Each structure stands twice: as structure tokens, then as C-alpha cells.
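Breakdown of the fold
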Amino acid sequence: MIKVGVLGAKGKMGSQTCLAVEDADGLELVARLDQGDDLAELTKAGAQVVVDFTRPEVVMGNLEWCIGHGVDAVVGTTGFDDERLATLRDQLGAQPASGVLIAANFSIGAVLMMRFAAQAAKYYESVEIIELHHPDKVDAPSGTARRTAELIAAARREAGAAPVPDATTTALDGARGAEVDGIRVHGVRLRGLVAHQEVLFGDAGETLTIRHDSMHRESFMAGVLLGVRRIVDTPGLTVGLEHFLDLD
Ligand SMILES: NC(=O)C1=CN([C@@H]2O[C@H](COP(=O)(O)OP(=O)(O)OC[C@H]3O[C@@H](n4cnc5c(N)ncnc54)[C@H](OP(=O)(O)O)[C@@H]3O)[C@@H](O)[C@H]2O)C=CC1
Ligand SMILES: O=C(O)C1=N[C@H](C(=O)O)C[C@H](O)C1
């Protein structure tokens, strides 16, 4: 049995994760912690793996604690940039047996969407991303949109593509979205939505749209459970659930 603790256990993703872990073969839910709880409860309960669905401003502190206490971590919380990843690599360097998985999105369909978008990137002159989420989301653009933009930008760079064309010279602030690694990202917040993304590609006389929809937070759970089962045997930093899927 793998003993699992959940951080952010009262939140939308944390509560769904608790249900999924309780139902999963070979996993035991030993701790549910939320805002104000003492992280020492994790070691008292014997947690081997922590699943973190908290907030961008607290996740790095949680991970420093986990790495320092030899607890592996599966992280869905957003807010990771190169600087944060470098910090984690340094911390893990001092604890070579520990593992951390950072996944912008645990839904299999979203991982495929990112992969397909990276594959399509070199064939199109234009590309923009639209992410659509529930209005309780605190960060924009979404972690998934940021990651998708980075993957597309890397593929375009490798192919020697020119910058995405855009003749805009006057615009209201925000009208052209945010720029991530040279790719425009637009955010929609709408009651009724969960998590959705479109990647729009365009070239002479044609467009290609790759769309993914998470209708329910259950969509993330197979990926979270896979992450928990794999991270106990995967020391170091793993960025992206695709490393635990047989995509090639
Ligand atoms: N990778 C993926 O597949 C997915 C990632 N996410 C990401 O996961 C994160 C959480 O999303 P969601 O569940 O919707 O958010 P919620 O706001 O519903 O849940 C976050 C929970 O964490 C709690 N919390 C805040 N600080 C701490 C702390 N220091 N220790 C423990 N718990 C704390 C919050 O308490 P309080 O409300 O009192 O602050 C809240 O209960 C976001 O970054 C989101 O983008 C979401 C869906 C899928
Ligand atoms: O906050 C959310 O809900 C989600 N957050 C993640 C993100 O920012 O990409 C994953 C998914 O989009 C849902």
C-alpha cells in the first residue's frame, strides 16, 4: 500500500483527489490537510506521497517541506516557471531519493492536446491559444495554456519559424491577450465551465482547431493516481504527466 496525504483537501481538486485515493487499489489515504494545518501531520500519519492542489503562493513552501522530509510529491498546483523548477532541482539534488512530479494538467486528453499542438506547430504560420475556465480560478493564464504555449514555441524555434504575424499597432490593454514565449494566450472565465482549451492554428486558406474539454474534475483523477503510483519509483524532478504515459 502507498500511503498518501492530500494538501488542499477541502478544495475542489483536493476533495476529488481524496475520493479517488480512497477508491483506488493499492493506495491508502492517511492525511487530509488544508489551510492552517501543520505539515508535520503528514509524517505523523506516515505519508509516503503528498498530492498538492493548493495555491501558487504556498506550493513552493509545501514542496520544500516534503523534499526535506523525504516525502514524494505529485503536484497539480499551478504557478511553475523556470526559476521555480530550478529551485526544486537544487532542493532535490540534496535529497537524491526523493521524487516530485509537476503536471500542469492531469487529464489524459489535455496531455494529448498539448502533444498534438506541439506536433502541429511547425506547419502553421499563425497560432493562438484560448483557455476557458470556471470563474473561481485565481490564476490567469492557466498553467495548461502556459505549458502549451511553451511547447509550441519550442517546436517553432526548432523548425526555424518566423514570429507569429500580427499587424496590430493600436489596441486596448488586454485586447490581444497575454504573450507567453511569443504566443498569444486569451483567458475566459465563465460560470458553468470547468476547464477547456482551444489551440487555433492558421495558414493560407485553412485553420486547424485542437480543443479539449474537462466537463468534471473526475477527468483529472486517472492522471493523479498514475502520478502517485509512479513517483514512488521516480526520483528527481519530472515535469509533465506525459513522461508516465506511453505516447511515442
Ligand atoms: N494540474 C491539474 O490537472 C489541475 C490543476 N489545478 C490547479 O490546482 C490548484 C487548486 O485548484 P482548486 O482545487 O480548483 O482550488 P481551490 O481553491 O478549490 O482549493 C485550494 C485549497 O487549498 C487550500 N489551501 C490554501 N493554502 C493552503 C496551504 N498552505 N496548505 C494547505 N491547503 C491550502 C485552500 O484553502 P483556502 O480556500 O482557505 O485558501 C483550498 O481549500 C490551482 O492552482 C489549479 O489551477 C486544478 C485543476 C486541475
Ligand atoms: O484551476 C483549474 O481549474 C485548472 N487549473 C489547471 C491549469 O491552470 O491549467 C488545470 C486545468 O486547466 C484546471
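Since the model is a prediction, treat every value here as computed from it, not as a measurement.

What counts, and where the lines are drawn
- Residues numbered from 1 in each chain as written.
- Chains lettered and ligands numbered in written order.
- Predicted model: local features only at pLDDT ≥ 70, side-chain atom pairs only at ≥ 80, totals over all residues.
- Heavy atoms only, no water.
- UniProt positions renumbered as here; feature names shortened; annotations may be inferred.
- Helix = DSSP H or I, 4+ residues; strand = E, 2+ residues; numbered from the N terminus.
- Buried < 20%, exposed > 50% of the residue type's maximum accessible area, 1.4 Å probe, protein only.
- Contact = heavy atoms within 4.5 Å.
- Polar contact = N/O pair within 3.5 Å; in protein donor to acceptor, adjacent residues only side chain to side chain.
- Pairing = 2+ DSSP bridges.
- Right-handed = clockwise from strand over helix to strand, strands pointing away.
- Near = heavy atom within 4 Å.
- Areas by Shrake-Rupley, 256 points an atom, 1.4 Å probe, with all protein chains shown as cover.
- Nonpolar A, V, L, I, M, F, W, Y, C, P; charged D, E, K, R; others polar.
- Domains from an automatic or database assignment.
- Buried area = accessible area lost by both parts, 1.4 Å probe.

1. A closer look at the UniProt feature "binding site: (S)-2,3,4,5-tetrahydrodipicolinate" (unreviewed entry) in the protein
Here, UniProt's "binding site: (S)-2,3,4,5-tetrahydrodipicolinate" (unreviewed entry) annotation points to H134, G143 and T144. Mapped onto the secondary structure, G143 falls in helix α6 (residues 143–159). On the basis of relative accessible area, G143 is assigned to the buried category, the value being 15%. Apart from the residues lying within four places of it in its own chain, the contact partners of G143 are T78 and A104. Mapped onto the fold, T144 is located in helix α6.

2. Re the UniProt feature "active site" (unreviewed entry) in the protein
Sites flagged by UniProt as "active site" (unreviewed entry) map to H133 and K137. Relative to the helices and strands, H133 resides in strand β6 (residues 126–133). With a relative accessible area of 9%, H133 lands in the buried category. Excluding its chain neighbours within four sequence positions, the residues that come into contact with H133 are S142, V188, R189, L190, L193, V194, A195 and H196. Within the local environment of H133, its side chain forms a polar contact with the side chain of E131, the two groups lying 2.8 Å apart. Relative to the helices and strands, K137 resides in the loop between β6 and α6.

3. Some details on the pairing of strand β4 (residues 72–75)
Side chains D72 and V74 project from β4 onto one buried face, and the interleaved A73 and V75 project onto a second face that is buried too. Across 4 bridges, the pairing between strand β3 (residues 49–52) and β4 is parallel. Each bridged residue has a counterpart across the sheet, and for V51 the counterpart in β4 is V74. For the segment spanning β3, helix α3 (residues 56–68) and β4, crossover handedness is right-handed. As judged from the 3 bridges shared by β4 and strand β5 (residues 99–102), these two strands associate in the parallel manner. When the sheet's bridge partners are listed, A73 is paired in β5 with V100. Taken together, β4, helix α4 (residues 82–93) and β5 form a β-α-β motif whose crossover is right-handed.

4. Things to note about the site of ligand 1
Around ligand 1, a shell composed of 21 residues is seen, among which K12, M13, D34, T78 and F106 lie nearest. A distance of 3.1 Å is found between a nitrogen atom of ligand 1 and a backbone nitrogen or oxygen belonging to A104. Within the side chain of K137, a nitrogen or oxygen atom sits 2.9 Å from an oxygen atom of ligand 1. Compared with its free state, where it exposes 920 Å², ligand 1 has 81% of that area covered by protein. Residues of the shell around ligand 1, tallied by class, amount to 7 nonpolar, 8 polar and 6 charged.

5. Considerations on the site of ligand 2
In the region of ligand 2, the neighbouring residues are T78, A104, N105, H133, H134, K137, S142, G143, T144, A195 and F220. With respect to ligand 2, the side chain of T144 contributes an N or O atom lying 2.5 Å from an oxygen atom. Coverage of ligand 2 by the protein chains reaches 84% of its 320 Å² of free accessible surface.

6. Comments concerning the domain arrangement of the protein
Accessible area lost when the parts come together is the quantity often used to give the size of an interface. Along its sequence, the protein is carved into domain 1 (2–102 + 218–244) and domain 2 (108–215). Taking only C-alpha atoms, the centre of domain 1 and the centre of domain 2 are 27 Å apart. Across the boundary between the two partners, domain 1 contributes 8 residues, which contact 11 residues of domain 2. Summing both sides of the interface, domain 1 and domain 2 together bury roughly 860 Å²; the carbon and sulfur share of this comes to 62%.

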